[in-house]
There are 6 protein chains.
Amino acid sequence: MPYIKIEVTREGISREQKQTLIKGITDLITDVLNKDPQLTHVVIQEVDLDDWGYAGEQVSVLREKGITADKK
Amino acid sequence: MPYIKIEVTREGISREQKQTLIKGITDLITDVLNKDPQLTHVVIQEVDLDDWGYAGEQVSVLREKGITADKK
Amino acid sequence: MPYIKIEVTREGISREQKQTLIKGITDLITDVLNKDPQLTHVVIQEVDLDDWGYAGEQVSVLREKGITADKK
Amino acid sequence: MPYIKIEVTREGISREQKQTLIKGITDLITDVLNKDPQLTHVVIQEVDLDDWGYAGEQVSVLREKGITADKK
Amino acid sequence: MPYIKIEVTREGISREQKQTLIKGITDLITDVLNKDPQLTHVVIQEVDLDDWGYAGEQVSVLREKGITADKK
Amino acid sequence: MPYIKIEVTREGISREQKQTLIKGITDLITDVLNKDPQLTHVVIQEVDLDDWGYAGEQVSVLREKGITADKK
């Protein structure tokens, strides 16, 4: 019975990216823990940039300063 | 001090249904645990069908295939 | 696809009380929303009294002062 | 590694109030626990008044009755 | 800024399995969303079998009846 | 109606530190949002080091390597 919640800043995630995450995480967890996928739920919650704080600053402010969360 | 969170796919839940859930869960929990309702909070979070995955598939895709979550 | 999380202070909830909550909430939600119980998960999380704050005070301190959360 | 989630009824919180909360909570937690702010995330989730229940009633109904959550 | 929470029944997950989940989910999310791993946190929460309800029954009761969540 | 959840690695937080967090966060939120403290709940959840992943690694492994989350 796994339940997985993904919280991520709302910055243009496509429907296809969401499906890739759902499929990939379900496969990973059901493989590693030998769980029935029919008992595995994944929920994605996008969070507005004004509503996520990192290191004491709103992410919307960080983005205005040109600071991204992109992989380097 | 109970706090209850309900996450459910966004598929046309009415204001009255929400009120029925809030009243019913509050009554149940305060009865079973003998808790003060004034200390009992219930939060409902509706989740878009693209954002809920079940058995590795987006619920929006399952619905397009005619697969529902209806009681049988 | 409902998922329900109950957070409550750890104050001697019995296995039977938990089962009553799980059964009652599942019945309520699947009835009101017409959902398949096989897609309905309920998770109970008990929280130590030092870890729950109410009105700015630890519940453990409130209990030492004789303040309960009992229904009146 | 602290992660903090604030859930609050959606009743006109401004961007500046959110920033004050994010800064204040990050400062408090990193001071009290001696944690690196770069490892501290704060997420604010506003909840519609129909979706928050208190003492068995929807907050939207309480507000219609003139009952507020204002500090006295 | 992704944050991922995994809730799963406590049924003997090893430290190595947890590390495999953490690594796999972090790689998947940072790849699909092009996110910096330094901004990616994963939290695993194991839930006692008395505290997880499925289809209105405690999982501990389901296990006593020989019903597992194993992959078929 | 604010509800606040703090998740933090379990690394020896004292009862007094928890009380300081609960009091400080409640004061901050009720001041900034003008909310009644009687409607404000704070929950602290400590997470074992094997159960928290950062940048794809278990925090327990990071600590063994001498990498801390201390403020610099």
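Note that the structure is predicted; figures quoted are calculated from it, not measured.

### A closer look at the relation of the copies chain A and chain E
With an RMSD of 0.0 Å, chain A superimposes on chain E once it is rotated by 180° and translated 0.0 Å along the axis. Look at the turn and shift together and you get a two-fold axis relating the two. In terms of proximity to the rotation axis, the leading residue of chain A is A:Lys5, whose C-alpha is 2.6 Å off the axis. Looking at chain A, 100% of its interface residues are interface residues in chain E too, so the copies touch through the same face.

### Observations concerning the interface of chain A and chain E
Counting from both sides, the interface comprises 36 residues of chain A and, opposite them, 36 residues of chain E. Along the contact surface separating chain A from chain E lie 4 salt bridges. Ionic pairing is found between A:Asp31 and E:Lys71, a salt bridge with its closest N-O pair at 2.5 Å. The interface formed by chain A and chain E holds 15 residue pairs in polar contact (both at pLDDT 80 or more) in total. The set of elements that each furnish at least two residues to the side of chain A that touches chain E consists of strand E1 (3–9), helix H1 (15–33), strand E3 (52–54) and helix H2 (59–64) of chain A.

### Focus on the relation of the copies chain E and chain F
What connects the two chain copies is a rotation about an axis and a shift along it. Rotating chain E by 120° about the axis while translating it 0.0 Å along that axis superimposes it on chain F, leaving an RMSD of 0.0 Å. One copy is carried onto the other by what is essentially a three-fold rotation axis. For chain E, the residue whose C-alpha comes nearest the rotation axis is E:Gln45, separated from it by 5.9 Å.

### Side note on unusual backbone geometry
If you check the backbone angles, E:Asn34 has positive phi at about 55° while not being a glycine. Along the polypeptide, E:Asn34 turns up in the loop between helix H1 (15–33) and strand E2 (41–47). The residue F:Ala55 is not glycine, and still its phi comes out positive at about 55°. Looking at where F:Ala55 falls in the secondary structure, it is placed in the loop between strand E3 (52–54) and strand E4 (57–58). The class for F:Ala55 is partly exposed, based on a relative accessible area of 28%.

### Overview of the packing of aromatic side chains
Aromatic ring pairs are defined here through the distance separating the ring centres and the angle between the ring planes. Inspection of every chain in the model, using the stated rule, returns 3 aromatic pairs over all chains. Consider the rings of D:Tyr3 and E:Tyr3, whose centres lie 3.7 Å apart with planes at 5°: the pair is stacked. Here D:Tyr3 is found in strand E1 (residues 3–9), whereas its partner E:Tyr3 is found in strand E1 (residues 3–9) on a different chain. With respect to class, D:Tyr3 is no different from E:Tyr3; both count as buried.

### Remarks on the sheet that holds strand E3 (residues 52–54) of chain D
An order of E4(D)-E3(D)-E2(B)-E1(B)-E1(C)-E2(C)-E3(E)-E4(E) is seen for the 8 strands of this open sheet, with the pairing classed as mixed. The strands lining the two open edges of the sheet, one partner per strand, are strand E4 (57–58) of chain D together with strand E4 (57–58) of chain E. Looking at chain direction, strand E2 (residues 41–47) of chain C and strand E3 (residues 52–54) of chain E are connected through 3 bridges and run antiparallel. Bridge pairing in E3(E) places C:His41 opposite E:Tyr54.

### Considerations on empty space enclosed by the protein
Tallying each qualifying case throughout the model produces 3 cavities of 30 Å³ or more. Approximately 300 Å³ is the volume attributed to the largest cavity. Residue classes in the lining of the largest cavity are distributed as 6 nonpolar, no polar and 12 charged.

### Some words on the sheet that holds E3(A)
In spatial order, the strands read E4(A)-E3(A)-E2(D)-E1(D)-E1(F)-E2(F)-E3(C)-E4(C); together these 8 strands make up an open sheet with mixed pairing. Edge positions in the sheet fall to strand E4 (57–58) of chain A together with strand E4 (57–58) of chain C, since each has one partner strand and no second. Bridge count for E1(D) against strand E2 (residues 41–47) of chain D is 7 bridges, and the pairing is parallel. Within E2(D), the position partnered with D:Ile6 by the bridge is D:Ile44.

### Considering the pattern of salt bridges
Throughout the structure, instances matching the rule amount to 72 salt bridges over all chains. Of the charged contacts in the structure, one is a salt bridge between D:Glu11 and D:Arg63, with a shortest N-O distance of 2.7 Å. Taken together, the residues span a long stretch of sequence, with D:Glu11 in the loop between E1 and helix H1 (15–33) and D:Arg63 in helix H2 (residues 59–64) at a distance of 52 residues. Take D:Glu11: its relative accessible area is 33%, and that puts it in the partly exposed class. Residues F:Glu7 and E:Lys5 are paired through a salt bridge, measuring 3.0 Å at the closest nitrogen-oxygen approach. Separated into two different chains, F:Glu7 in strand E1 (residues 3–9) and E:Lys5 in strand E1 make up a pair that spans both. A relative accessible area of 4% places F:Glu7 in the buried class.

### What to know about the interface of chain E and chain F
Listed as interface residues are 16 residues of chain E and, on the opposing side, 15 residues of chain F. Here chain E packs against chain F, burying approximately 1400 Å² in sum over the two surfaces, 40% of which is carbon and sulfur. The interface formed by chain E and chain F holds 4 salt bridges in total. Between E:Arg15 and F:Glu64 there is a salt bridge, with its nearest N and O atoms 3.1 Å apart. Where chain E packs against chain F, one counts 16 residue pairs in polar contact (both at pLDDT 80 or more).

### Section: the UniProt feature "domain: 4-oxalocrotonate tautomerase-like" (unreviewed entry) in chain A
The feature "domain: 4-oxalocrotonate tautomerase-like" (unreviewed entry), as given by UniProt, occupies residues 2–60 of chain A in the numbering adopted here. The straight-line gap between the two end C-alpha atoms of residues 2–60 of chain A is 32 Å; of that span, 36% is helix and 32% is strand.

Calculation rules
Residues numbered from 1 in each chain as written. Chains lettered and ligands numbered in written order. Predicted model: local features only at pLDDT ≥ 70, side-chain atom pairs only at ≥ 80, totals over all residues. Heavy atoms only, no water. Least-squares fit on C-alpha atoms with pLDDT ≥ 70 in both. Contact = heavy atoms within 4.5 Å. Salt bridge = Lys/Arg side-chain N within 4 Å of Asp/Glu carboxyl O. Polar contact = N/O pair within 3.5 Å; in protein donor to acceptor, adjacent residues only side chain to side chain. Helix = DSSP H or I, 4+ residues; strand = E, 2+ residues; numbered from the N terminus. Buried < 20%, exposed > 50% of the residue type's maximum accessible area, 1.4 Å probe, protein only. Phe/Tyr/Trp six-rings, centres within 6.5 Å; stacked < 30°, edge-to-face > 60°. Pairing = 2+ DSSP bridges. 1 Å grid on protein atoms, 1.4 Å probe; cavity = no way out; pocket = protein on both sides within 12 Å on 5 of 7 lines; lining within 4 Å. Points joined across faces, edges and corners; volume = space filled by probe spheres on them. Nonpolar A, V, L, I, M, F, W, Y, C, P; charged D, E, K, R; others polar. Buried area = accessible area lost by both parts, 1.4 Å probe. UniProt positions renumbered as here; feature names shortened; annotations may be inferred.

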